[in-house]
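Architecture at a glance
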Amino acid sequence: MSGFTDFSYEAQPMRVVLRPGAAVTATPDEARRLGLRRLLVVSGPRGADTARVVADALGDACAGLHTEARMHVPAEVARRAVEVARAAGADGCVAVGGGSAIGLGKAIALRTHLPLIAVPSTYSGSEMTPVWGLTEHGAKRTGRDPSVLPRSVVYDPELTRSLPVALSVTSGINAIAHAAEALYAPDASPLVSLMAEEGVRAMAGALPAVARAPESLDARGRALYGAWLCGATLGATTMGLHHKLCHVLGGTFGLPHAETHTVVLPYVLAHNAPAAPEAMAALGRALGTDDAPHALWELSGSLGAPRSLAELGLKEADLAVAGRAATGQAYANPREVTADGVLDLLKAAYAGERPGTRP
Ligand code: NAD
């Protein structure tokens, strides 16, 4: 029980509000609590209508609306957004949308130290972390900085009703991936592990309900509750092989973020399982199974998610390149990361075979 006798835990200084309608009703309140009077609202182009509603709710406290967020925060997009924030005389920023919009809000906060309010519309979890990312010359750099951690997070189940079921499912499994790796992280701690287990339980229970009734505020609320907990575990711990592999597959081969997490997770968990019995037990309790990798594979597959890297457009010849990229540097993982082990795992994920069936 090493995790209970030797750990450190740092609480993140932020407020969280979860309530239907909160994007409109709670965002202005959060701005007032923070003493902010001129907020720049940022979103992606597809989230512009929602962001406008939030901007309208801010009334005079809105300094402008900037709807140019793009996946993986290209550096020139970040530079432009910083210019817009400065030109508007903004004293804060509200990011409305998924991980891409929140990533742009973080990029503004990183350069300007303006306080950030996040209004998430997916389950990616970025709003709960002090991690920023910027993409330049085809490479994504990431780092941790307390100034990019949102001061307030406003979860509004109404906002996620429009999230298509397919993306809801993969985004939900993306969240579960954070919690799964937090359970075996080198800096795991008891409270974070409780959040991880409960986050997986909540999300795994909510996703079938979201798929059945995407308009259900109860199902959407439970999924956001799970996203909050899973995202908090991502912010609190160091991720392992799964996140490394997905970073490579997204960054080098352009594979879609949430879908890639969904396909890869069961295979990494099957690979790591022998070296992480306590994490597997926690996942098993959350999922009501004694084979968590298989249960996750069943859950996402039964809800129509892609099951193989081939379906996502990866070429068989890319497997070895991806395997080498993911094993180039040392990083924390419960099981030793070897070139052969990772290549085997990638081959299984490429084919979409039942996880854990390879020796
Ligand atoms: P995303 O923000 O790119 O959104 C995916 C798509 O869904 C977009 O087309 C968006 O317009 C659409 N969308 C979002 N919300 C919607 C809604 N409610 N209704 C209808 N459509 C909606 O994707 P994502 O998966 O949320 O985030 C992925 C990005 O976030 C990646 O760049 C990833 O690296 C980053 N991320 C960062 C962290 C971190 O801690 N820094 C954590 C997780 C993810």
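Counting restarts for each chain: residues are numbered from 1 in the order of the written sequence. In keeping with the model being predicted, local features are shown solely for residues with a pLDDT of at least 70 and side-chain atom pairs are shown and tallied solely at 80 or more, while totals for entire chains, interfaces and linings include all residues. Calculation of side-chain values draws on the structure's entire complement of heavy atoms; hydrogens and water are dropped beforehand.

As annotated in an unreviewed UniProt entry, the protein carries the name Maleylacetate reductase and comes from Streptomyces lincolnensis.

Some points on the overall build of the protein
The condition is simple: Starting at the N terminus, helices and strands are each numbered in turn, a helix being any DSSP run of H or I of at least four residues and a strand any DSSP run of E of at least two. Radius of gyration here is computed from C-alpha atoms only, and the compact-globule reference equals 2.2 Å multiplied by the residue count raised to the power 0.38. Here the term buried applies to any residue with accessible area under 20% of the maximum for its type, exposed to any over 50%, and partly exposed to those in between, with areas from a 1.4 Å probe on protein chains only. Should any heavy atoms of two residues lie within 4.5 Å, those residues are counted as being in contact. All accessibility values rest on the Shrake-Rupley procedure with a 1.4 Å probe; residue burial counts only the protein chains present in the view. Just so you know, the count uses Lys and Arg for positive and Asp and Glu for negative, and it drops His and the chain ends. Note on charges: their place is set at NZ of Lys, CZ of Arg, CG of Asp or CD of Glu.
Scanning the protein from terminus to terminus reveals 15 helices and eight strands. Relative to the compact-globule value of 21 Å for 359 residues, the protein shows a C-alpha radius of gyration of 20 Å, a close match. By principal-axis analysis of the C-alpha atoms, the protein measures approximately 60 × 40 × 40 Å. Across the 359 residues in the protein, those meeting the buried criterion constitute 55%. Put simply, of all contacts in the protein between residues at least 6 apart along the chain, 76% involve residues at least 24 apart. Just so you have it, the protein exposes about 14,800 Å², and 53% of that area is on carbon and sulfur atoms. Seen as two clouds, the 32 positive and the 34 negative side-chain charges of the protein have centres 4 Å apart.

What to know about the nonpolar core
Basically, it comes down to this: We call a set of buried Ala, Val, Leu, Ile, Met, Phe, Trp, Tyr and Cys residues a nonpolar core when their side-chain atoms join them within 4.5 Å. Domain limits in this description derive from either an automatic procedure or a database domain assignment.
Grouped together as the largest cluster of nonpolar side chains are 97 residues, with contacts concentrated most on Ile108, Tyr123, Leu245 and Leu309. Tallying contributions element by element places helix H8 (residues 190-212) first for this core, with 10 residues. Two domains share this core, each providing at least three of its residues, namely domain 1 (15-160) and domain 2 (165-351). When neighbours within four sequence positions are excluded, Tyr123 is seen to be in contact with Thr160, Leu163, Ser168, Ser171, Gly172, Ala175, Met203, Val210, Arg220, Ala223, Leu224 and Ala227. Grouped together as the second largest cluster of nonpolar side chains are 19 residues, Val17, Ala31, Leu36 and Val154 included.

So, the UniProt feature "domain: Alcohol dehydrogenase iron-type/glycerol dehydrogenase GldA" (unreviewed entry) in the protein
What counts, and what does not: UniProt positions are given in the numbering used here, feature names are shortened, and annotations may be inferred rather than shown by experiment.
Residues annotated in UniProt with the feature "domain: Alcohol dehydrogenase iron-type/glycerol dehydrogenase GldA" (unreviewed entry) correspond here to residues 15-157. Helix makes up 35% of residues 15-157 and strand makes up 28%, while its end C-alpha atoms are separated by 17 Å.

Notes on the side chain of Asn333
Our working definition: The term polar contact refers here to a pair of N or O atoms within 3.5 Å; inside protein, the definition further demands a hydrogen-donor-capable atom paired with an acceptor-capable atom, and it admits residues adjacent in sequence only when both atoms are side-chain atoms.
Counting through the fold element by element, Asn333 comes out in the loop between helix H14 (318-327) and helix H15 (339-351). Only 2.9 Å separates the side chain of Asn333 from the side chain of Asn272, close enough to count as a polar contact. Sequence-distant contacts of Asn333, defined by excluding residues within four places in its chain, comprise Glu181, Tyr184, Gly240, Leu241 and Asn272.

Some points on helix H4 (residues 75-87)
What counts, and what does not: One less than the residue count of a helix, multiplied by 1.5 Å, gives the span that helix is expected to have. Here, the arc refers to the directions that run from the helix axis to the C-beta atoms.
Here H4 is 13 residues long and its end C-alpha atoms lie 18 Å apart, about the 18 Å a rise of 1.5 Å per residue gives. The set of residues buried in H4 consists of Ala75, Val77, Ala78, Ala81, Val82 and Ala85. Looking down the long axis of H4, one finds its buried residues gathered within 155 degrees of arc, a one-sided arrangement. Seen from the buried face of H4, the exposed residues on the opposite side, beyond 90 degrees, are Glu83 and Ala87. Next to the buried residues of H4 lie strand S2 (39-42), strand S3 (62-66), helix H5 (99-112) and strand S6 (131-136). Remark: Gly89 follows H4 within two positions and exhibits a positive phi of approximately 65 degrees.

Thoughts on the site of the ligand
We count it as follows: We call a residue near a given molecule or strand whenever any one of its heavy atoms falls within 4 Å of it. Residue type decides the class: Asp, Glu, Lys and Arg count as charged, Ala, Val, Leu, Ile, Met, Phe, Trp, Tyr, Cys and Pro as nonpolar, and the leftover types, Gly among them, as polar.
Not every one of the 21 residues close to the ligand is listed here, only the nearest: Ser100, Ser121, Thr122, Thr129 and Lys140. With respect to the ligand, the side chain of Ser100 contributes an N or O atom lying 2.6 Å from an oxygen atom. At 3.1 Å from a nitrogen atom of the ligand is found a main-chain nitrogen or oxygen belonging to Leu159. The fraction of the free accessible surface of the ligand (860 Å²) that becomes covered by protein chains is 81%. Counting residues per element, the shell around the ligand draws most heavily on H5, which supplies three residues. Looking at side-chain class alone, the shell around the ligand contains seven nonpolar, 11 polar and three charged residues. Two domains share the shell around the ligand, each providing at least three of its residues, namely domain 1 (15-160) and domain 2 (165-351).

Considering the domain arrangement of the protein
Short version of the rule: Reported buried area values correspond to the accessible surface (1.4 Å probe) lost by two parts on association, with both partners' losses combined. Note on definitions: salt bridges are taken to be side-chain nitrogens of Lys or Arg within 4 Å of carboxyl oxygens of Asp or Glu.
Domain boundaries assigned for the protein yield domain 1 (15-160) and domain 2 (165-351). Domain 1 and domain 2 are separated by 25 Å when their C-alpha centres are compared. Each partner contributes residues to the interface: domain 1 has 20 residues there, and domain 2 has 25 residues. Between domain 1 and domain 2, the buried area comes to about 1,800 Å², and carbon and sulfur atoms account for 67% of it. Interface area lost by domain 1 to domain 2 is led by Tyr123, Met128 and Pro157, which between them contribute 36%. For the interface between domain 1 and domain 2, the tally reads zero salt bridges. Those elements that provide at least two residues to the side of domain 1 that touches domain 2 are strand S1 (15-18), strand S7 (139-144) and helix H6 (157-160). Here the side of domain 1 that touches domain 2 is composed, by residue class, of nine nonpolar, seven polar and four charged.

Side note on the pairing of S3
The condition that has to hold: A pair of strands is labelled paired if DSSP reports no fewer than 2 bridges between them. By the criterion used throughout, a crossover qualifies as right-handed when its path from the first strand across the helix to the second strand runs clockwise, the strands pointing away from the viewer.
Here S2 pairs with S3 via four bridges, running parallel. Each residue of the ladder has a partner; that of Leu39, found in S3, is Cys62. After leaving S2, the chain enters helix H3 (residues 48-58) and then returns to the sheet as S3, a path that is right-handed.

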